[in-house]
Structure formats: C-alpha cells, structure tokens
Amino acid sequence: MDQQSFQKEFIADIKGKIRAAQYEALKVVNVKLINLYWEIGKSLSEKQAEGWGKSIVPMLSKELQLEFPGIGGFSTTNLWYMVQFYNDYQEDINLQPLVGEISWAKHLIVLAKCKGNQERQFYILSTKKNGWSKNVLINQIENKAFEGYLLNQTNFQNSLSATHSSQALLAVKDNYTFDFLNLGAEHSEAELELRLTTNIRNFLLEMGSSYTFVGSQYRIQVADRDYWIDLLLYHRKLQCLVAIELKIGDYEPEYKGKMEFYLAVLNDTVRLAHENESIGIIICKSKNRTIVEYSLKNSTLPIGVATYSTSNVLPSQYHNLLPSEQEITEKLKLLFKD
C-alpha cells in the first residue's frame, strides 16, 4: 500500500472516531435532557397534587424563557407534555427504565399516537433497536406495526437467527389493505397481481418501509423446467429476497410446500453471497389461524401467512384477536431479548 493510501485510511479512521464520539456525546446529552424534562414534569405533577392550579405552568414557562432565552423547550405546551410524560411513565415498571432510550421528539410521537403502555414500550424499544427516524416511527405507528407483530403468523423465530428474526417480524403484517386497487369482490389472481404491479408505489407503501420491487412472474428454473413466483421483492434492511404468492381464496396447507420450493431455489440460484436467507409471504383472501399454525409448525424455511382486504375497514374478526396482557408481555420479551 502506498503512502497516499495509508493517508486516506488514516483520515477515514479519524473521521470514524469523531463520528463515534459525536454519537456518544449526543446520547449523553439526550439522556441528560430527558432526565431534566422528567424532573420538571415530576415537580409540576407533585405541586398539582398538592392543590396548585394550572396557572403555574404558563407562569413557569414565561420565567424560564426569560431566564434562558437561548434554550428552547420551555413553552407552555412542552411543559404540559413533561407532566404527561412523568405521569404516564412513572407508575409502569417497564416504561420507566426506557425514559432515556430515545429522543424527546420521538417520545412526543409515542405519547401522542400510542395509548396503551405496552404499545408505547414496543415502539420505544423498536426505535432504539432498529434506529428508526421520526418519520419511520410515525410510519410504523400509522401502519399498526404493534398490532401486526402481535397478530402476524410466521415461523421466523424458529427459522431465522435472533437478530434477523426480530427485524423480519416487523416487516410482515397480518393483514394488508389494498383499497387503492378499486377491485370488486370477485377478481382473479392474475387481476390482483396486475393491479398491484400497476399501483406499485402504493403497494410498496402498504408492504412497509425498506421494500423494493424486483419483478412479477419472476422466473426460476429447475431441471430445465420453468416456475414463476407471483411477486419478488427485496428488503433493504433485512438484505434478503422476499417471495410473495397471491391467493384469492382460503389458505391451504399445500401452499407452504410450494413456497418452500421457491425459497430453496432462490437461496441456491438467485441469492447473492452477502445476502441473508430469502423469506416467503403467502397473502390470501382469508385464513384459518389454527390451520396456519399447524402448517408452519415444522417448517425450517422462513414463511409468513397474511390476508388482504380491498377496503380500509379492518376485518371484524381481528378486533377480538389481540392476545391477553400477559401474552403481550411475553411476546415483547421474546422480540427484544438479546
């Protein structure tokens, strides 16, 4: 290696150290800021419990902004958020330790858009673990990633590594809404596929972040015979191919065998050396959850089974499917364990 190359490598190394130090410094600043907001919220909450009126908040806001003119964050609205932040988190043994894990701006999103504490725990931990930006966090909440994780039916935790499976579980929904297709109640699989590909932008938005389109009726060959995968996507964060099969009726157990065949061929003949194992998603008009559970039980290749609807009204049976609080707690532990 010549001197110029050594210099470039040296400079790149120094830049990396500076970025790492900046990131660590930002984390320390964030924790200190969140702790400050926690203490302010606690103090205001305690004074209100002692009988002080609401007028103390605008009064404090005015005094703080006069005393610290170059520092933002002391508006009346933000002070009220601090009170809500403290009141909502301080009694929950699972939420309280997460106070310093994400930025204040992201906490505000979680406070505003999530009602239950387990849902808040899910999004805080997911944001920390996956490095979600504010926009990605909002998108995940609006796409109901929490409900999707609780309800989705996959075998990822048994067929993928712990790191890969935790991310993959968030990349597959239990029900996809294709209300942008303008399809009637009766339609063919070919028509469904055509409408999805001609509305590719909306389709990828509904699938979730990080998906890119590879092709439709994607051809694979085995022993001089051609086989066709309905849709092939690529997930940038997971760094893997995602094969999708579309079915306009009920889920049938034999669909799993066909998907396993596709995944095996993709892994051997299409997947690149640096990419992770391919994932399959079978999207049906309807499914019996018990049949899906038994179908995926002993499969060693990663497959998820979802349903789709052509209207934005969640199927009525989904409202009663969410597990109990204890079951949700166990699923959250499983998702975020190291």
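Looking at an unreviewed UniProt entry, one finds the chain named DUF1016 domain-containing protein, with Dyadobacter sandarakinus as its source organism.

Trainee: I would appreciate a short explanation of the nonpolar core in the present structure.
Mentor: Considering soluble globular proteins, one finds that nonpolar side chains tend to be buried as a cluster. Counting 68 residues, the largest nonpolar core has Tyr123, Phe203 and Ile244 as the members making the most contacts within it. Residue contributions to this core peak at 6 residues, all from helix 3 (residues 76-89). If we skip the residues at most four places from it in the chain, Tyr123 touches Val110, Cys114, Trp132, Leu137, Gln140, Ile141, Lys144, Ala145, Phe146 and Glu147. Core analysis: the next-biggest nonpolar cluster, separate from the first, contains 20 residues, Ile220, Leu241, Ala243 and Tyr255 among them.

Trainee: I'm lost on empty space enclosed by the protein in this one. Help?
Mentor: Think of a ball as big as a water molecule: rolled over the atoms, this probe shows where empty space is left. Counted under the stated rule, the structure contains 2 cavities of 30 Å³ or more. Considering only enclosed or pocket space, the largest cavity measures out at about 280 Å³ in volume. Taken together, 23 residues form the lining of the largest cavity, with Gln140, Gln167, Leu170, Ala171 and Ser209 sitting closest to its centre. Counting residues per element, the ones that place at least two in the lining of the largest cavity are helix 6 (134-142), helix 7 (145-151) and helix 9 (162-169). If you tally residues by element for the lining of the largest cavity, the top one is helix 7, at 3 residues. Of the residues contributing to the lining of the largest cavity, the split by class is 10 nonpolar, 10 polar and 3 charged.

Trainee: Help me understand the pattern of salt bridges, please; the structure alone is not making it clear to me.
Mentor: Think of it this way: side chains of opposite charge can pair up when their charged atoms draw near. With the rule as written, the count across this model stands at 11 salt bridges. Note that Glu50 is salt-bridged to Lys47, the shortest N-O span being 3.6 Å. One continuous salt-bridge network, built from bridges that share partners, spans Asp174, Lys287 and Arg289.

Trainee: Can you walk me through the packing of helix 4 (residues 104-113) against helix 5 (residues 117-130) in this structure?
Mentor: Any two packed helices are characterised by how steeply their axes cross, that is the angle between the axes, and by the distance between the axes. In contact at an axis separation of 10 Å, helix 4 and helix 5 are set at 155° when each is read in the N-to-C sense. As summarised for this structure, helix 4 and helix 5 are arranged roughly antiparallel, according to the angle between their axes. Here the hand of the crossing between helix 4 and helix 5 comes out right-handed. Note on element contacts: helix 5 touches helix 4 through Glu119, Arg120, Tyr123, Ile124 and Thr127, opposite Lys106, His107, Val110, Leu111 and Lys113. Within the contact of helix 4 with helix 5, the residues separate by chemical class into 4 nonpolar, 2 polar and 4 charged.

Trainee: Where do I start with the pairing of strand 5 (residues 240-250) in this structure?
Mentor: Within a regular strand, side chains alternate between the sheet's two faces. Where burial is concerned, most of strand 5 is hidden: 8 out of the 11 residues are buried. Pairing between strand 4 (residues 225-235) and strand 5: 5 bridges, direction antiparallel. Residue pairing in the sheet places His235 in a bridge with Cys240 of strand 5. Where strand 4 hands over to strand 5, the hairpin turn is made up of 4 residues, of which Gln239 adopts a positive phi near 55°. Bridging between strand 5 and strand 6 (residues 279-286) involves 7 bridges; their strand directions are parallel. Paired with Ile244 across the bridge in strand 6 is Ile281. Between the parallel elements strand 5 and strand 6, the chain passes through helix 12 (residues 254-269) in a crossover that is right-handed.

So, how was this worked out
Within each chain, residues carry numbers counting from 1 in the order of the written sequence. Note on the predicted model: pLDDT of at least 70 is required for a residue's local features to be given, and 80 or more for side-chain atom pairs to be given and counted; whole-chain, interface and lining totals, by contrast, use all residues. Hydrogen atoms and water are omitted, and side-chain values are computed over all heavy atoms in the structure. Here the nonpolar core consists of buried residues drawn from Ala, Val, Leu, Ile, Met, Phe, Trp, Tyr and Cys, with membership extended through side-chain atoms lying within 4.5 Å. Categorising residues by exposure relies on relative accessible area from a 1.4 Å probe, with only protein chains included: less than 20% of the type maximum marks a residue as buried, more than 50% marks it as exposed, and the intermediate range marks it as partly exposed. Note on conventions: DSSP H or I runs of at least 4 residues are helices, E runs of at least 2 residues are strands, and numbering of each starts at the N terminus. The contact criterion used is simple: two residues touch if any of their non-hydrogen atoms lie within 4.5 Å. In the cavity and pocket records, a cavity denotes points on a 1 Å grid over the protein atoms alone where a 1.4 Å probe fits but cannot get out, a pocket denotes an open set with protein on both sides within 12 Å along at least 5 of 7 lines, and lining residues are residues with an atom within 4 Å of a point. Grid points are joined across faces, edges and corners, and a volume is the space filled by probe spheres set on the points. Here the nonpolar group is Ala, Val, Leu, Ile, Met, Phe, Trp, Tyr, Cys and Pro; Asp, Glu, Lys and Arg are the charged ones; every other residue, Gly included, is treated as polar. Here, a salt bridge means any Lys or Arg side-chain nitrogen found within 4 Å of an Asp or Glu carboxyl oxygen. Between N-to-C directions, angles cover 0 to 180 degrees, with each direction set by a line fitted to C-alpha atoms, over the stretch in contact for helices. Throughout, the term roughly parallel applies to angles under 35 degrees, roughly antiparallel to angles over 145, roughly perpendicular to angles from 65 to 115, and oblique to all others. The crossing is said to be left-handed when, going from far helix to near helix, the turn is anticlockwise and less than a right angle, and right-handed when the turn is clockwise. Two strands make a pair as long as DSSP finds a minimum of two bridges between them. The handedness of a crossover follows from its direction of travel: if, with the strands pointing away from the viewer, the path from the first strand over the helix to the second runs clockwise, the crossover is right-handed.

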